[in-house]
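The residues making up each chain are set out below.
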Amino acid sequence: MAKPKKVAAKPRKAAAKPESHLGMVRRARKINRELAEVYPYAHPELDFENPFQLLVATVLSAQTTDLRVNQTTPALFAAYPTPEDLAAAVPEEVEEILRPTGFFRAKTKSVMGLSAALRDQFGGEVPGRLDDLVKLPGVGRKTANVVLGNYFGVPGITVDTHFGRLVRRWKWTDEEDPVKVEAVVAEIFPKSEWTMLSHRVVFHGRRICHARKPACGACPIAALCPSYGVGETDPEKAEKLLKYEKGGYPGQRLKPPQSFLDAGGKPAPPLGAGQAGK
């Protein structure tokens, strides 16, 4: 039986009058519900086994891909499994391991500094409070919310470049500052949705709603998007733009959740076995 051809959702018709705040909130919540159906397996795309690994990996993910971080951290954590180990490391040796992630000298300083702070101020344990986390070297609200939401179960909104780009495209806000974006979005959704909303939006930004050429014609929420048409609208051409599992390619984690694998996702290759994702 022939596989049915995908048909892009019809774009939203131009509104006769400006959208009200209530209308925007309702549309935003519907987008979240739709994304929950598209990405039921959405998850943090950094490999980690404990809060220390998640904290370090998130710091390393700045200005590079999660895939590249995942390909690099196995060697780092094999050599330095605890904050005490990393804090006492030889900086040049850490730099050599982190070189593939870019900005490796600054990142070495950050991860060694936060490790020393964990050792000296928190008994080698990662704290579960935002106020404590943001005091660590190289740790801002984004990193803190990643750790809190994905290890400690504390709801948080992670405003990375994908999240900020999409919420502006969807006209939830026109704010550019991540802290202001976080505050605006937090008012739209209940706390219980914050962590998973972050994963869904980032998944969508990486797979379909790309920065330079969004795959509008293959977008499942096109009918809810006021920016429909900024990218490729032809369904067949748009489908060729899809990335990661949506395009039939490996994901970003070497050890992804089983739900991701069950949905057709493939684990990423280790460093040296394939090229890093874009």
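Remember, predicted model here, so these are calculated numbers, not experimental data.

Draft legend 1. Structural view of unusual backbone geometry. Even without being glycine, Phe103 reaches a positive phi, approximately 50°. Relative to the helices and strands, Phe103 is located in the loop between helix H5 (91-98) and helix H6 (104-121). Phi at Lys171 is positive, roughly 65°, even though this residue is not glycine. Within the fold, Lys171 resides in the loop between helix H9 (161-169) and helix H10 (178-188).

Draft legend 2. Spatial organisation of the pattern of salt bridges. Inspection of the entire model under this criterion finds 13 salt bridges. Close ionic contact of Arg119 with Asp120 constitutes a salt bridge, the shortest N to O distance being 2.7 Å. Salt bridges sharing partners connect three or more residues here, namely Glu45, Asp66, Arg206, Arg207 and Glu245.

Draft legend 3. Fine view of the environment of Arg206. Here Arg206 shows up in helix H11 (residues 194-207). The exposure class of Arg206 is buried, given its relative accessible area of 13%. Note: C-alpha distance between Arg206 and Arg169 (37 residues apart in sequence) is 14 Å. The residues contacting Arg206, other than those within four sequence positions of it, are Glu45, Asp66, His162, Lys243, Tyr244 and Gln252. One polar contact links Arg206 to Asp66, side chain to side chain, over a distance of 3.1 Å.

Cut-off values and rules
- Residues numbered from 1 in each chain as written.
- Predicted model: local features only at pLDDT ≥ 70, side-chain atom pairs only at ≥ 80, totals over all residues.
- Heavy atoms only, no water.
- Helix = DSSP H or I, 4+ residues; strand = E, 2+ residues; numbered from the N terminus.
- Salt bridge = Lys/Arg side-chain N within 4 Å of Asp/Glu carboxyl O.
- Buried < 20%, exposed > 50% of the residue type's maximum accessible area, 1.4 Å probe, protein only.
- Contact = heavy atoms within 4.5 Å.
- Polar contact = N/O pair within 3.5 Å; in protein donor to acceptor, adjacent residues only side chain to side chain.

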